[in-house]
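Here's the letter readout for the chains.
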Amino acid sequence: MLQRRFRILTAALGLLVAGAAQAGEPDVAAIYAKNCAECHGADRLGRTGPALLPESLKRLRAKRASKVIAAGRAATQMPAFEEVLDKDQIKALVAHIFTPLATPPIWNAENIRASRKIFVDTAALPSTPAYESDPLNLFVLVESGDHHVSILDGDTFERLTRFQSHFALHGGPKFSPDGRFVYFASRDGWITKYDLYNLRVVADVRAGINTRNLAISHDGRVLAVANYLPHTLVLLDAEDLKLMKIIPVMDNRGKETSRVSAVYQAAPRGSFIAALKDIPEIWEISYAENPPPVYTGMVHSYEQGMVEALEGDKGRFPVQRIMLEEPLDDFFFDQSYRKLMGSTRAGKSGVVVHLDVRRPIAELPLPGMPHLGSGITWTYQGRRVMATPHIKDSTVSVVDTTSWELVKRIPTLGPGFFMRSHEESPYAWVDVFFGPNRDAVHVIDKATLEIVKTLRPAPGKTAAHVEFTRDGRYALLSIWDKDGAVVVYDAKTLAEVKRIPAVKPSGKYNVYNKIKRSEGTSH
């Protein structure tokens, strides 16, 4: 029924576009090209912004879409156009983006296989680093301003190399268990394998049209790619990026499809965890060579040869579904990976899901859209806590991960996006990413939960995304600007040590901290 109504709505909006053109009303193609194409793609398939197609706008009604175009969208790069476009132009744009393409976008197994390129055989390359730097203390620096990646020495803070990436890398690079290889995902679906020992691109494959992020299995064998378009989860061989499996993302009735918000590695579980944007489910996918089958419905007996249950998902990468009341986004996992926190659709609260019993067990009072994916954890007064900034609230929330009670709200100068720390550091750093104080970064004492210093490394420019060196001695902070920099701080004295010029350095990732799953950084 919902799909039928959706088809009727998109057809009606398509007629509006045709009627507008006949009446000599706004030239929607020109309006789109001038105001939307740079971020959303001339073909509407997405670039830095998401695809603008009916398949990707299921949760956005036409009336709401008009408001988003006019007023922009908080906590994103979507600006307000109410002073640029009049009501008729906005109405025409809405009709345009809800109109299906003449040829539906397809990216199937044949397309994926045809896109794969191997640039060098890694077996023919040296298996030791081609430099004297500590390979586990390298930083992978994504410079989104001109779509390049720099590799920094975490001891000298000098560049080892800088190379061009695909357009709009997103979701954070992921590393092989030994730290030799790093994998990148771009918004337009390209997955790149890069050799950090030999400083060269190894292979490329396009796994989707509009991609959110990727994850790597803890044993380094499998990559999982989360797609907005098409609605798929793609599994690749991490060795040569060959396609292993495409999993269409559909609800348990096989009726509604969903975009994949993100996919995560759950190393202690030997599985991937997928957050789904449009259906109220969480997926857990085992990446074991011979995983046990996943059965649906009630199971009377698990005794070998005596299982009494409805047919389930068998073979490689079976899908275990966790049913919810509403979709959850932006996951944070406790250190055991038995429990996860997710934020509700409206960002009004947090929900704790126990992955073993496969159901929610607690709800948290976390209004203002907590950015749980940026949450960090440490021991406070003998108990394990996690802390998260909020995208729509000037607060850092600290939560007890045993009782799931709120320990404290720490007021900040504005909504934040990234929070980081390190096991060897007494401080947690959080940016003020949104609003007039976006140039501020707070330093919080983890023992007292008080802000001890506010840094403004580049007044008027956005300061964000701190990452620590392997030993925790230095903290690296980004100035998100075309004429930006990576600012290196002494993590104890908070004194500035060095500035490295960079073109809008959106993120930097330390090899050791990532592969060892540091409690102070995102996983």
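Residues numbered from 1 in each chain as written. Predicted model: local features only at pLDDT ≥ 70, side-chain atom pairs only at ≥ 80, totals over all residues. Heavy atoms only, no water.

K.L.:
What exactly am I supposed to notice about the overall build of the chain here?
P.N.:
Regarding its fold elements, the chain presents seven helices and 35 strands. Its C-alpha atoms give the chain a radius of gyration of 23 Å, within 12% of the compact-globule value 24 Å for 523 residues. Based on the C-alpha atoms only, the size of the chain along its principal axes is roughly 70 × 65 × 55 Å. Per-residue burial over the chain gives 55% buried out of 523 residues. A total of about 22900 Å² of accessible surface is found on the chain, and carbon and sulfur atoms cover 51% of it. (Helix = DSSP H or I, 4+ residues; strand = E, 2+ residues; numbered from the N terminus. Rg over C-alpha atoms; globule rule 2.2 N^0.38 Å. Buried < 20%, exposed > 50% of the residue type's maximum accessible area, 1.4 Å probe, protein only. Areas by Shrake-Rupley, 256 points an atom, 1.4 Å probe, with all protein chains shown as cover.)

K.L.:
What exactly am I supposed to notice about the packing of helix α2 (residues 28–35) against helix α5 (residues 87–97) here?
P.N.:
To characterise two packed helices, one gives the angle between the axes of the helices and the distance between these axes. Running from N to C, α2 and α5 cross one another at 90°; their axes reach a closest spacing of 9 Å. Relative to α5, the element α2 lies roughly perpendicular. Residue-level inspection shows V28, I31 and Y32 of α2 in contact with α5, the latter providing Q89, A92, L93 and H96. (Axes fitted to C-alpha atoms, helices over the stretch in contact; angles between N-to-C directions. Parallel < 35°, antiparallel > 145°, perpendicular 65-115°, else oblique. Contact = heavy atoms within 4.5 Å.)

K.L.:
Got a minute to help me understand the sheet that holds strand β33 (residues 484–490) in this structure?
P.N.:
Strands in a sheet are paired, the pairing made by backbone hydrogen bonds, and the direction either parallel or antiparallel. Read across the open sheet, the four strands follow the order β31-β32-β33-β34; overall the sheet is antiparallel. Across the chains shown, the open sheet's two edge strands, defined by having one partner strand only, are β31 (463–468) and β34 (496–502). Neighbour-to-neighbour, the strand axes of the sheet open up by a mean angle of 20°, direction not taken into account. Strand direction decides the pairing type here: strand β32 (residues 474–479) and β33, joined by six bridges, are antiparallel. (Pairing = 2+ DSSP bridges.)

K.L.:
Could you clarify how one ought to interpret the confidence of the model for the chain in this entry?
P.N.:
Interpreting fine coordinate detail is not advised for predicted regions of low pLDDT. Here the chain shows a mean pLDDT of 90. Residues at 70 or above account for 91%. Across residues 1–6, where pLDDT falls below 50, the model places six contacts with residues more than four positions away in sequence or in other chains. Segment residues 15–21: pLDDT under 50, and seven contacts once partners within four positions in sequence are set aside and those in other chains are kept. (pLDDT = per-residue confidence, 0-100.)

K.L.:
What am I meant to see in the environment of S115 here?
P.N.:
Mapped onto the secondary structure, S115 falls in helix α6 (residues 109–115). Judged by its relative accessible area of 8%, S115 is buried. As a C-alpha pair, S115 and V205 span 90 residues in sequence and 5.4 Å in three-dimensional space. Among the polar contacts made by the side chain of S115, one reaches the main-chain carbonyl oxygen of I112 at a distance of 2.8 Å. (Polar contact = N/O pair within 3.5 Å; in protein donor to acceptor, adjacent residues only side chain to side chain.)

K.L.:
Please explain unusual backbone geometry as it appears in this structure.
P.N.:
Most peptide bonds take the trans configuration, and most residues that are not glycine carry a negative phi. Between L229 and P230 the backbone carries a cis peptide bond, its omega angle lying at -10°. Tracing the backbone shows P230 in the loop between β10 (222–229) and β11 (232–237). Even without glycine at this site, H147 takes up a positive phi of about 60°. When you line up the elements, H147 lands in the loop between β2 (138–143) and β3 (148–153). Positive phi, close to 55°, is recorded for M369, a residue that is not glycine. Looking at the element boundaries, M369 is found in the loop between β22 (359–364) and β23 (376–380).

K.L.:
What is the right way to look at the pairing of strand β7 (residues 190–195) in this model?
P.N.:
It is a general feature of regular strands that their side chains alternate between the two faces of the sheet. Counting buried positions along β7 gives six out of six residues, so the element sits mostly inside the fold. Side chains W190, T192 and Y194 of β7 all project onto a buried face; the interleaved residues I191, K193 and D195 project onto the opposite face, where all are buried too. As paired elements, strand β6 (residues 181–185) and β7 share five bridges and run antiparallel to each other. The residue bridging F184 from the neighbouring strand is T192, located in β7. The loop that links β6 with its antiparallel partner β7 comprises four residues; one of these, G189, has a positive phi angle of about 95°.

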